[in-house]
Amino acid sequence: MTKALTIAVPSKGRLEEKSAEMFTQAGMTLKRAGARGYTGTLVGFEGVEIAYLSAAEIAARLRDGSVHFGITGEDLLREEVSDLESIIQLVMPLGFGHADVVVAIPNSWVDVATMADLAEVASDFRLHKGRLMRVATKYIHLATDYFAANDVQDIQIVTSFGATEGAPASGAAEAIVDITSTGTTLAANNLRVPEDGVILKSQANLAAALKANWSPEARSAAKQILARLSAFQRAADMLEVKFNAGADKVSQDALKVFGAVTINVTNTHDGQFVTLLIDRLQLQNITEFLATKQIGMTVSKPDFVFSPRNELFERLAGAIL
């Protein structure tokens, strides 16, 4: 039976592990057809199929609309899909798979601190060498657009088929555009990033193909999945605070100063018991506020924080109409 909705998930490595972990923590389990199978199911969702693909193929399948959702890096999406905003929606960043797409130059270029400096060096290189400075990369479109935006003209973008960071040392290129997460590999190859050389700060995203067949059944499944994922992600930034205000009533207006959402207030002969939901960044502030009133509290982490509105689905539905 044809499934109503297809979600493409990375087939191996850390991206596969983190994707499966995210769905599990959001109360949904990915079940793969065998350890190396290329299809699977989302437990509890009969109309949903999981397709296990390479990160690059996921970008391509999102582009042609043969899957509804896909998890892949924003760097691949922006490299592979030139008109990204018109055919793919970045539904939500997932908080893993972080990597920066950067320009990297040899450490020996001590006078090059910015892209403007690099433009001057490239011009001098052409004048004295009689050829263009070569920049090796797998990110042809991102690199071309970034150099053009920074008015770096005297360069030649060359496609890298191997370990890009080794191109300057091997003589295959003078500079590179590549991804880095820690900078360790660049440093090991005596390369560094100019001050304004970060092209894109990428991470894994849940993306939606606007050209896919969004049947009523597909939309229904998407609505449920996005509600759970957004509730799980929202909970990561929130804390649940409980305290007994005793005989003193704590002003709700005072609590709103901290962006607190009151979940429950119960008045008993033992005092006023209050349960709040707060942004974790406000924990210290509300702790100090309650301490001035000699009120202690307990703090716990919620698993889900559901909103009355499913804003992720609303935004998607508005784009695929």
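What counts as what
Residues numbered from 1 in each chain as written. Predicted model: local features only at pLDDT ≥ 70, side-chain atom pairs only at ≥ 80, totals over all residues. Heavy atoms only, no water. Pairing = 2+ DSSP bridges. Helix = DSSP H or I, 4+ residues; strand = E, 2+ residues; numbered from the N terminus. Axes fitted to C-alpha atoms, helices over the stretch in contact; angles between N-to-C directions. Contact = heavy atoms within 4.5 Å.

## Structural notes on the sheet that holds strand β2 (residues 30-32)
And step 1. Pairing within the open sheet is mixed, and its seven strands lie in the order β2-β3-β4-β1-β5-β13-β6. Looking at which strands have only one partner, the edges of the open sheet turn out to be β2 and β6 (88-93). For this sheet the average axis-to-axis angle between neighbouring strands, irrespective of direction, equals 30 degrees.
And step 2. Note that strand β1 (residues 5-10) and strand β4 (residues 45-53) share six bridges and pair parallel. Each residue of the ladder has a partner; that of Leu-5, found in β4, is Val-48.
And step 3. Each of β1, β2, β3 (39-42), β4, β5 (69-73) and β13 (204-209) touches helix α1 (residues 13-25); the most contacted strand, β1, lies at about 135 degrees to it.
And step 4. Contacts between helix α2 (residues 55-64) and the sheet are confined to β1, β4, β5, β6 and β13, with β5 contributing the most and set at about 135 degrees to the helix.

## Section: the sheet that holds strand β17 (residues 298-300)
And step 1. Taken together, the four strands give an open sheet; going across it, the order is β15-β16-β14-β17, and neighbouring strands pair in antiparallel fashion. One side of each edge strand has no neighbouring strand; the edge strands of this open sheet are β15 (261-268) and β17. Here the strands of the sheet are splayed against their neighbours by 15 degrees on average, with no regard to which way each runs.
And step 2. One ladder, built from seven bridges, connects β15 with strand β16 (residues 271-279); its direction is antiparallel. Following the sheet pairing, Thr-266 is matched in β16 by Phe-273.
And step 3. Sheet strands in contact with helix α11 (residues 283-292) are β14 (238-244), β16 and β17, and its direction is about 160 degrees off that of β16.

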